[in-house]
Protein chains: 2
Amino acid sequence: MNETIAQIPLENAKKERLRLWLRMLKTTRSIEAKLRENFREEFATTLPRFDVIAALSRFESGLKMSEISGVLKVSNGNVTGIVDRLADDGFLVRAAVPGDRRAQRVRLTVRGQEEFLRQARAHEGWISEALGDLSATEARNILTHFSVSNLMAEEDA
Amino acid sequence: MNETIAQIPLENAKKERLRLWLRMLKTTRSIEAKLRENFREEFATTLPRFDVIAALSRFESGLKMSEISGVLKVSNGNVTGIVDRLADDGFLVRAAVPGDRRAQRVRLTVRGQEEFLRQARAHEGWISEALGDLSATEARNILTHFSVSNLMAEEDA
């Protein structure tokens, strides 16, 4: 009999976690759709393009194509096509890697850096608007739960 | 000068929301990847297929193809192909709509209902494992924040 009583909170936790998951899924998809729309309308660009320049902005000496692919696993873009278009737009350049004739490093131009800053500022604003009812403390608390918890941290490793 | 001081918490909130967003994105993608893998390995099925039978399980009299498409906007599947395969597997049947010769309703068979229950139970377990460090109360609290907050609720409408 005790077993039945003990199981109630567990069952509750299962249900609540499932509800939370469905809401998380809906929320992230809605925000992503909104970001996609905003990037297209305000910068004539896409999320994967933004992800590439964001990654490059963190590495002054640039990244190899394979390293960019690692970043883009997330946004599922076609790296070569994206890099080609960003080069056409003057946002990045390719340079040879000393000692490795076949490898190329890609890095942002000054114009690319400026463009990234403009887009990053807008992006931060859109996110802040989307999650606008969360105070800094609330956001941090939720973040802590996601950071500590769950197997997906291990999945990533 | 007061302006500078007043802006600090606002800037903090922006940063925290952005960090939360990046974590949410990473978390939902990792969980989705894990679900995809589990559905494939344990049920030889896909997320969109599960979404279709889950939707049908809520409507005893079935759904029209266009109504299923509405559900699948989320998972981006090809409705006709999915329904065809689920029919081949004996999980659903198509029936004419009285008074509308060209419309068809799709509904689960008994076998389809049983399959849905098996998959739903497993799905709930996987989610519970993925979010395993959240108690029922914590999950409910986070859920409340997502429900109250943000423009995406309006986006959906």
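Residues numbered from 1 in each chain as written. Chains lettered and ligands numbered in written order. Predicted model: local features only at pLDDT ≥ 70, side-chain atom pairs only at ≥ 80, totals over all residues. Heavy atoms only, no water.

Draft legend 1. Region of the structure containing the packing of helix α3 (residues 65–72) of chain A against helix α4 (residues 79–88) of chain A. Residues and elements named next belong to chain A. One way to put it is that α3 packs onto α4 with a least axis distance of 10 Å and a crossing angle of 110 degrees. By the criterion of interaxial angle, the relationship of α3 to α4 is roughly perpendicular. The segment α3 lies against α4, with Met 65, Ile 68, Ser 69 and Leu 72 engaging Val 79, Thr 80, Ile 82 and Val 83. Each residue belonging to the contact of α3 with α4 can be placed in one class, and the counts come to six nonpolar, two polar and no charged. (Axes fitted to C-alpha atoms, helices over the stretch in contact; angles between N-to-C directions. Helix = DSSP H or I, 4+ residues; strand = E, 2+ residues; numbered from the N terminus. Parallel < 35°, antiparallel > 145°, perpendicular 65-115°, else oblique. Contact = heavy atoms within 4.5 Å. Nonpolar A, V, L, I, M, F, W, Y, C, P; charged D, E, K, R; others polar.)

Draft legend 2. Broad picture of the interface of chain A and chain B. Every contact between the two is made by 50 residues of chain A and, on the other side, 50 residues of chain B. When chain A packs against chain B, close to 5500 Å² is buried across both sides, 67% of that on carbon and sulfur atoms. When residues of chain A are sorted by the area they lose upon contact with chain B, Arg 17, Trp 21 and Glu 124 of chain A head the list and together hold 13% of the total. Here chain A is connected to chain B by 14 residue pairs in polar contact (both at pLDDT 80 or more). For the side of chain A that touches chain B, the secondary-structure elements that each account for two or more residues are α1 (2–43), α5 (110–130), α6 (136–148) and α7 (152–156) of chain A. Ranked by the residues each element gives to the side of chain A that touches chain B, the list is headed by α1 of chain A, at 22 residues. The residue makeup of the side of chain A that touches chain B, split by class, is 21 nonpolar, 12 polar and 17 charged. (Buried area = accessible area lost by both parts, 1.4 Å probe. Polar contact = N/O pair within 3.5 Å; in protein donor to acceptor, adjacent residues only side chain to side chain.)

Draft legend 3. Layout of the sheet that holds strand β2 (residues 92–97) of chain A. Residues and elements named next belong to chain A. Pairing is antiparallel across the open sheet formed by three strands, whose spatial order is β1-β3-β2. Each edge of the sheet is formed by a strand with only one pairing partner; in this case those strands are β1 (63–64) and β2. Direction of pairing for β1 relative to strand β3 (residues 100–108): antiparallel, over a ladder of two bridges. Within β3, the residue paired with Lys 64 across the bridge is Arg 105. (Pairing = 2+ DSSP bridges.)

Draft legend 4. Representation of the relation of the copies chain A and chain B. Here chain A sits on chain B after a turn of 180 degrees about the axis and a move of 0.0 Å along it, with an RMSD of 0.0 Å. Here the transformation between the copies is reduced to the relation of a two-fold axis. In terms of C-alpha distance to the rotation axis, chain A has Ile 142 of chain A as its closest residue, with the C-alpha 3.2 Å off the axis. Looking at the interface residues of chain A, 100% of them are also at the interface in chain B, so both copies use one shared face. (Least-squares fit on C-alpha atoms with pLDDT ≥ 70 in both.)

Draft legend 5. Here's a closer look at the nonpolar core. Ranked by size, the top nonpolar core spans 76 residues in total, and within it Leu 20 of chain A together with Leu 20 of chain B carry the most contacts. Each residue touching Leu 20 of chain B, except ones within four places of it in the same chain, is listed here: Leu 131, Leu 134, Ala 139, Ile 142, Leu 143 and Phe 146 of chain A. (Core = buried A, V, L, I, M, F, W, Y, C linked by side-chain atoms within 4.5 Å. Buried < 20%, exposed > 50% of the residue type's maximum accessible area, 1.4 Å probe, protein only.)

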